[in-house]
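# Chains, contacts and geometry: an overview
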Amino acid sequence: MNDDVLRQAPLFSGLDDDAAAALESSMTPSTLRRGEVLFNEGDDGDKLYVVTDGKIKLGRTSPDGRENLLAILGPGQMFGELSFFDPGPRSATATAVTDVDLRSLGHEALSPVLNAHPDVAHALLNQLAGRLRRTNEVVGDLVFSDVPGRVAKALLDLAGRFGRRADDGIHVNHDLTQEELAQLVGASRETVNKALADFASRSWLRLEPRSVIILDLERLQKRSR
Ligand code: CMP
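Being a predicted model, the structure only gives us computed values, none of them experimental. Position labels on residues start from 1 in each chain and follow its written sequence. Confidence filtering applies because this is a predicted model: local features only for residues at pLDDT of at least 70, side-chain atom pairs given and counted only at 80 or more, and all residues used for totals across whole chains, interfaces and linings. Just so you know, side-chain values use all the structure's heavy atoms and leave hydrogens and water out.

### What to know about the site of the ligand
Residue proximity to a molecule or strand is established when one non-hydrogen atom of the residue lies within 4 Å of it. In the vicinity of the ligand lie 14 residues, with Gly80, Glu81, Ser83, Arg90 and Ser91 positioned nearest. Any pair of nitrogen or oxygen atoms within 3.5 Å is treated as a polar contact; in protein, a donor-acceptor pairing is required on top of that, and neighbouring residues in sequence qualify only through side-chain atoms on both sides. At a separation of 2.7 Å, an oxygen atom of the ligand approaches a polar side-chain atom of glutamate 81. One of the backbone nitrogen or oxygen atoms of leucine 82 is found 3.3 Å away from an oxygen atom of the ligand. In the complex, the protein chains occlude 92% of the 460 Å² of accessible area that the ligand would expose alone. Note on areas: Shrake-Rupley with a 1.4 Å probe; residue coverage comes only from the protein chains shown.

See the structure below:
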């Protein structure tokens, strides 16, 4: 595990070395295998988590069994805090998309940290505000954008967090199946596949298993608007 990744999380914002080391030592490491469920929507929640390696998907299931992905989180990102700030059951199911390393912190250990370190409270509010902002955008896009526009936007979001620039383009190892990409975009797999195939035929991107290579960032950005 990489301590730097952990300390980039909002939870460590503004902490000096001693406070950061104390917080880190109160966190428990754990690992998940690809596909393993960490917790289910509706479970009681008493911990929050920081991803230190790999990717986690947060999703919800409709009564008729359809799945919607709210977010894909990677190293340095935190989840499981909603049931602390708004006590109640887990608002989503957390599943490992890849093999994952995590650190967890009991909710009971968070209050003293927030009371002693206003910077941490500020950073967590900042993260919550960012998520609300993003959620508003997603809701707006579901109403105002077509599926190709939403696919383009989702790919750009994944590229921003998981992309790596290379000579031939931006390599985005998102680790998602086409089914999961469709669940992230809120559309059927067929429609999402069609949009991806169309982008590929225009040479905006190249499709690879569980990754894409973005060849024409500008066109993709235009299509996402
Ligand atoms: P909690 O409700 O404890 O468990 C599920 C977690 O998923 C939740 O806390 C948040 O950390 C996370 N989560 C829920 N909704 C979103 C969202 N729209 N974007 C990112 N993360 C979310």
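Next comes the rest of the account.
### Looking at the packing of helix α4 (residues 107–116) against helix α5 (residues 118–144)
Here, axes are lines fitted to C-alpha atoms. For helices the fit covers the stretch in contact, and angles between N-to-C directions go from 0 to 180 degrees. Under the DSSP-based scheme used, a helix requires at least four consecutive residues in state H or I and a strand at least two consecutive residues in state E, with every element numbered from the N terminus. Between α4 and α5, whose axes approach to 5 Å, the crossing angle comes to 110°. Comparing their axes, α5 and α4 come out roughly perpendicular. In contact with Leu110, Val113, Leu114 and Ala116 of α4, α5 contributes Pro118, Val120, Ala121 and Leu124. Ten residue types, Ala, Val, Leu, Ile, Met, Phe, Trp, Tyr, Cys and Pro, are classed as nonpolar, four, Asp, Glu, Lys and Arg, as charged, and the remainder, Gly among them, as polar. Residues that form the contact of α4 with α5 fall into these classes: 8 nonpolar, no polar and no charged. For this classification, under 35 degrees means roughly parallel, over 145 means roughly antiparallel, 65 to 115 means roughly perpendicular, and everything else is oblique. The criterion used for residue contact is that any of the two residues' heavy atoms lie within 4.5 Å.

### Describing α5
The end-to-end C-alpha distance of α5 is 38 Å, a good match for the 39 Å that 27 residues give at a rise of 1.5 Å each. Three labels apply to residues, based on accessible area from a 1.4 Å probe with only protein chains included: buried if under 20% of the type maximum, exposed if over 50%, partly exposed otherwise in between. The complete set of buried residues in α5 reads Val120, Ala123, Leu124, Gln127, Gly140 and Asp141. Packing partners of the buried residues in α5 comprise β6 (78–79), α3 (82–85), α4 and α6 (147–162). Here, expected helix span is obtained from the residue count minus one, scaled by 1.5 Å.

### Quick notes on the sheet that holds strand β1 (residues 28–32)
Spatially, 4 strands are ordered β1-β8-β3-β6 in an open sheet, and the strand pairing comes out antiparallel. The outermost strands of the open sheet, each flanked by one partner alone, are β1 and β6. Only strands joined by at least two bridges in the DSSP assignment are considered to pair. Pairing between strand β3 (residues 47–53) and β6: 2 bridges, direction antiparallel. Following the sheet pairing, tyrosine 49 is matched in β6 by phenylalanine 79.

### Topic: the sheet that holds strand β2 (residues 37–39)
The antiparallel open sheet is built from 4 strands, whose spatial order is β2-β7-β4-β5. Each having just a single partner strand, β2 and β5 (67–73) make up the two edges of the open sheet. The sheet shows a mean angle of 30° between the axes of neighbouring strands, taken without regard to direction. One ladder, built from 4 bridges, connects strand β4 (residues 56–61) with strand β7 (residues 93–96); its direction is antiparallel. Bridged to lysine 57 within β7 is threonine 95.

### Remarks on the domain arrangement of the protein
Note: domain ranges come from an automatic or database domain assignment. Domain annotation for the protein reports domain 1 (3–142) and domain 2 (146–224). Put simply, the middle of domain 1 and the middle of domain 2, counted by C-alpha atoms, are 25 Å apart. Summed over both partners, the accessible area lost on bringing two parts together, with a 1.4 Å probe, is the buried area. When domain 1 packs against domain 2, close to 1,400 Å² is buried across both sides, 50% of that on carbon and sulfur atoms. Its largest share of buried area at the contact with domain 2, domain 1 owes to Lys55, Leu69 and Ile72, together 36% of the area lost on that side. Each reported salt bridge corresponds to a side-chain nitrogen of Lys or Arg within 4 Å of a carboxyl oxygen of Asp or Glu. On inspection of domain 1 and its partner domain 2, the count reaches 4 salt bridges.

### Comments concerning the nonpolar core
Of all hydrophobic cores here, the largest spans 28 residues; its most connected members are Val151, Leu155, Leu158 and Leu220. Of all elements in the fold, only β5, α6, β10 (169–172), α7 (178–185), α8 (189–201) and β12 (211–214) reach the threshold of two or more residues within this core. The dominant element in this core, judged by the number of residues it contributes, is α6, at 9 residues. When residues of this core are sorted by domain, at least three fall in each of domain 1 (3–142) and domain 2 (146–224). Residue contacts for leucine 220: discarding those within four places in its chain leaves Ala152, Leu155, Leu156, Phe199, Trp204, Leu205 and Ile214. Among the nonpolar cores identified, the runner-up in size contains 19 residues, and Leu15, Leu48, Phe84 and Val113 belong to it. As used here, the term nonpolar core means buried Ala, Val, Leu, Ile, Met, Phe, Trp, Tyr and Cys residues forming a set that is joined through side-chain atoms within 4.5 Å.

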